[in-house]
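Architecture and fold: a report
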Amino acid sequence: MFLDLTVNKELNVYSYLVGGISPRPIAWISTLSSDGVANIAPYSFFTVASCNPPVLSVTQVNPRDKPSKDTLINLLATKECVINIVSHEQVEKMNQSCANYPSDVSEFDAANITKIDSQMVAVPSVADSKVRYECKLREVITISSEPGGGQMMLLDIVGICVDDEVLVDGYIDPTLLDAVGRMGGDYYATTKDKFVLKRPQI
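**Some details on the pairing of strand E4 (residues 46-51)**
Where E4 meets strand E5 (residues 54-61), five bridges bridge the pair, whose relative direction is antiparallel. Each bridged residue has a counterpart across the sheet, and for Ser50 the counterpart in E5 is Val55. If you look at the hairpin formed by E4 and E5, you'll find two residues sitting between the two strands.

Next up, the structure:
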């Protein structure tokens, strides 16, 4: 099968993107609404955009039933968020936070997620997340405002919180972090099965 997207411009390619580009790291993003409601939701279109300066990139795929999701609305209003990394032990609560709660309902409360004060932003963090990135909004790049279109959130990292229990010789040990990744459909991946390849020297 080959899909010529220059001809099939209206083709819904979502399943081919999330199914082929996998597994993807999960940004469990906590934000505060302008009314002070703590929101948290997972996003898997997530990566590092820059190390110097340290910038993260998260993309919202625009919903079909409303212009934007609560996370982006809140981020535009308050300019702050926390990226909480999801370990395997948190997957049930992370998944529950996906539910389509009204904007005045906090997913922290609805999914029984324990929150903790952050150090440099007003947005709360997930208390048992082993790695957390406190961020301020750098800019939002709109690829398309249409349903299914993308809005890329570029986030300046202002603080990093790492649980000492996942550190080995000052580095985050992936075995101890036990992060999970998103795949196509309802599938997720663990990082329990790993192998090592040394970078070649020429």
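And the narrative resumes.
**Focus: the packing of aromatic side chains**
Each pair of aromatic rings is reported with the distance of its centres and the angle of its planes. All told, the structure shown has zero aromatic pairs when counted by the stated rule. Over the face of the ring belonging to Tyr188 we find Arg182, whose NZ or CZ atom lies 4.6 Å from the ring centre.

**Things to note about the environment of Tyr188**
Here Tyr188 is to be found in strand E14 (residues 188-190). Note: C-alpha distance between Tyr188 and Lys136 (52 residues apart in sequence) is 28 Å. Discounting residues that sit within four places of it in the chain, Tyr188 has contacts with Ile26, Met94, Asn95, Gly181, Arg182 and Met183. Here Arg182 takes part through its side chain, which lies 3.4 Å from a polar atom of the side chain of Tyr188.

**Examining the sheet that holds strand E13 (residues 180-182)**
Overall, antiparallel pairing links the three strands, which are arranged E1-E13-E14 in an open sheet. The open sheet terminates on both sides in strands that have one partner only, identified here as strand E1 (24-25) and E14. Here three bridges tie E13 to E14, and the two strands are oriented antiparallel to one another. Within E14, the position partnered with Arg182 by the bridge is Tyr188.

**Quick look at the sheet that holds strand E9 (residues 131-142)**
Strand order in the open sheet formed by seven strands is E3-E2-E6-E9-E10-E5-E4, with antiparallel pairing between adjacent strands. A strand with exactly one partner marks an edge of an open sheet, and here the two such strands are strand E3 (38-43) and E4. Between one strand axis and the next, the sheet turns by 35° as a mean value, whatever way the strands run. Relative to E9, strand E6 (residues 80-85) runs antiparallel, the two being bridged by five bridges. Looking at E9, one finds that Asn84 is bridged to Arg132.

Cut-off values and rules
Numbering of residues begins from 1 in every chain and follows the order in which that chain's sequence is written. In keeping with the model being predicted, local features are shown solely for residues with a pLDDT of at least 70 and side-chain atom pairs are shown and tallied solely at 80 or more, while totals for entire chains, interfaces and linings include all residues. Each side-chain value is worked out from all heavy atoms of the structure, with water and hydrogens disregarded. Should DSSP find at least two bridges between two strands, the strands are regarded as paired. We count a stretch as a helix when DSSP gives it H or I for four or more residues in a row; a strand needs E for two or more, and each element gets its number in order from the N terminus. Side-chain rings of Phe, Tyr and Trp, where Trp is taken by its six-membered ring, are said to pair if the distance between their centres is within 6.5 Å; with planes under 30 degrees apart they count as stacked, over 60 as edge-to-face, and otherwise as tilted. Definition used: whenever NZ (Lys) or CZ (Arg) falls within 6 Å of the ring centre and also within 35 degrees of the ring normal, the charge is taken to sit over that ring. Any two residues whose heavy atoms approach within 4.5 Å are treated as being in contact. Each polar contact in these results corresponds to two N or O atoms within 3.5 Å; when the atoms are within protein, one needs to be able to donate a hydrogen and the other to accept it, and residues that are neighboring in sequence are counted only if both atoms are side-chain atoms. Axis lines are fitted through C-alpha atoms, for helices just across the contact stretch, and the angle between N-to-C directions can take any value from 0 to 180 degrees.

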